[in-house]
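Architecture at a glance
Each chain, written out:
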Amino acid sequence: VSDTLFPDFYEDQKQRVNEALERWLPAEDEEPELLNESMRYSVLNGGKRLRGVLVLEAARLGEPPGEEPLEALAAAVEMIHAYSLVHDDLPAMDDDDYRRGQPSNHKQYDEAIAILTGDALLTRAFELIGHLPELGLDDQTVTTILRKVSRRCGEEGLIGGQVADLTVDGDSATAEELEAIHDRKTGALMTLSLELGGLAAGVEDTEVESLRRLGETLGRAFQIKDDLLDVTGDLDTLGKDPNSDDASNKLTYPSLLGIDAARETLTQVVERSRECLQSLAGNHDRFGRIVDLVSERRH
Ligand code: IPE
Ligand code: IPE
Ligand code: MG
Ligand code: MG
Ligand code: MG
């Protein structure tokens, strides 16, 4: 999907992420062909590549040892993201038939293949991290990265957030509880992407902490916008079925507060994201454009 909202620099970075994914995914003509084809189907099918671009942008705050380890990390976070989407769409989870404008993985293949494709993408991401030392990152940094990835994707992060998303009692939930779910199911991976770029580029601990705060607010803004688009968007523009949240009785900002108050919350969270930019070293114009993209996107 092309979108005039995407600035030129973003298109360039997105291209780098796409090339890295192409390089690091298993080839379609290698065994096991069906699994490899399915992995490529659910990764190389569009996608905004926001998380991969965040890795590359965060690394600009420091002095990375080269392009290769950054591109491998960008590919790894996009594989993790794609795994989370393949599983998120499964009948046992959100039961959605479309993703990125095409049948979701279990519709194109079947449920068993979709489950295993998600597993394989997550596993492949860890394999990439195992290649970082030969791409120029020191062992200490790679160990830190490994711990961060596990922590942000596990029960305290993405997976824990997905469990809460499925089990929360919408009738008694508060805005604070909803925010805590967003922080884990969506914010953790945004935060991780920024942290990995910073760590790979050797930035100071205080700068990693600033990146974490930016990731948190960006994640919140991103998911409120996603929930609004689910109510106001259409299949053609979104590439996924609208009104999916309502159909599965999800707790979202629009369901909890109504559309207007959800929009108001989005405006406030975007403002907080902009404030976070002030504590980053150097020029943050590009991050500012990314914040715009998150809040103004149409898909
Ligand atoms: C969708 O993420 C899942 C959410 C966290 C809301 P994106 O909107 O970034 O999905 P792609 O990668 O562009 O398809
Ligand atoms: C997704 O949230 C969070 C993930 C970790 C995948 P949603 O369930 O709202 O994402 P979409 O709308 O299906 O992309
Ligand atoms: Mg979901
Ligand atoms: Mg979903
Ligand atoms: Mg959604």
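Below you will find a few notes about this structure.

Basis of the calculations
Residues numbered from 1 in each chain as written. Chains lettered and ligands numbered in written order. Predicted model: local features only at pLDDT ≥ 70, side-chain atom pairs only at ≥ 80, totals over all residues. Heavy atoms only, no water. Near = heavy atom within 4 Å. Polar contact = N/O pair within 3.5 Å; in protein donor to acceptor, adjacent residues only side chain to side chain. Areas by Shrake-Rupley, 256 points an atom, 1.4 Å probe, with all protein chains shown as cover. Donors = N, O, S within 2.8 Å, 3.2 Å for Na, K, Ca; no water. Buried < 20%, exposed > 50% of the residue type's maximum accessible area, 1.4 Å probe, protein only. Salt bridge = Lys/Arg side-chain N within 4 Å of Asp/Glu carboxyl O. Helix = DSSP H or I, 4+ residues; strand = E, 2+ residues; numbered from the N terminus. Expected span 1.5 Å × (residues − 1).

1. Regarding the site of ligand 1
All residues in the neighbourhood of ligand 1 are listed as Gly47, Lys48, Arg51, His81, Leu85, Arg100, Thr186, Phe222, Gln223, Asp226 and Arg297. Contact distances for ligand 1 include 2.6 Å between an oxygen atom and a side-chain N or O atom of Lys48. Contact distances for ligand 1 include 2.7 Å between an oxygen atom and a side-chain N or O atom of Arg51. Relative to its free-state accessible area of 390 Å², ligand 1 is covered by the protein chains to the extent of 89%.

2. A word on the coordination of the magnesium ion (ligand 4)
Note on the magnesium ion (ligand 4): its protein donors are Asp88 (OD) and Asp94 (OD). The metal-donor distances range over 2.1 Å. In this structure the magnesium ion (ligand 3) is found 3.1 Å away from the magnesium ion (ligand 4), and Asp88 serves as a bridging donor for the pair. The pair Asp88 / Asp94 is uniform in exposure class, with both members buried.

3. What to know about the pattern of salt bridges
Taken as a whole and judged by the stated rule, the model has 25 salt bridges. Glu57 is the partner of Arg60 in a salt bridge, and the nearest nitrogen-oxygen pair spans 3.2 Å. The partner of Glu216 in a salt bridge is Arg220, and the shortest N-O contact between them spans 3.6 Å. On the criterion of helical spacing, the pair formed by Glu216 and Arg220 is a turn pair, its members being four residues apart in helix α10 (residues 205-232). Put simply, Glu179, Asp183, Glu209, Arg212, Arg213, Glu216 and Arg220 are held in one network by salt bridges that share partners.

4. Considering helix α9 (residues 175-200)
The end-to-end C-alpha distance of α9, which contains 26 residues, comes to 35 Å, matching closely the 38 Å that a straight helix rising 1.5 Å per residue would cover. The buried count for α9 comes to 19 of 26 residues, which makes it a mostly enclosed element. Of the residues trailing α9, Gly202 is marked for its positive phi of about 65 degrees.

Interpretation note: all reported values are geometric properties and have no functional meaning in isolation.
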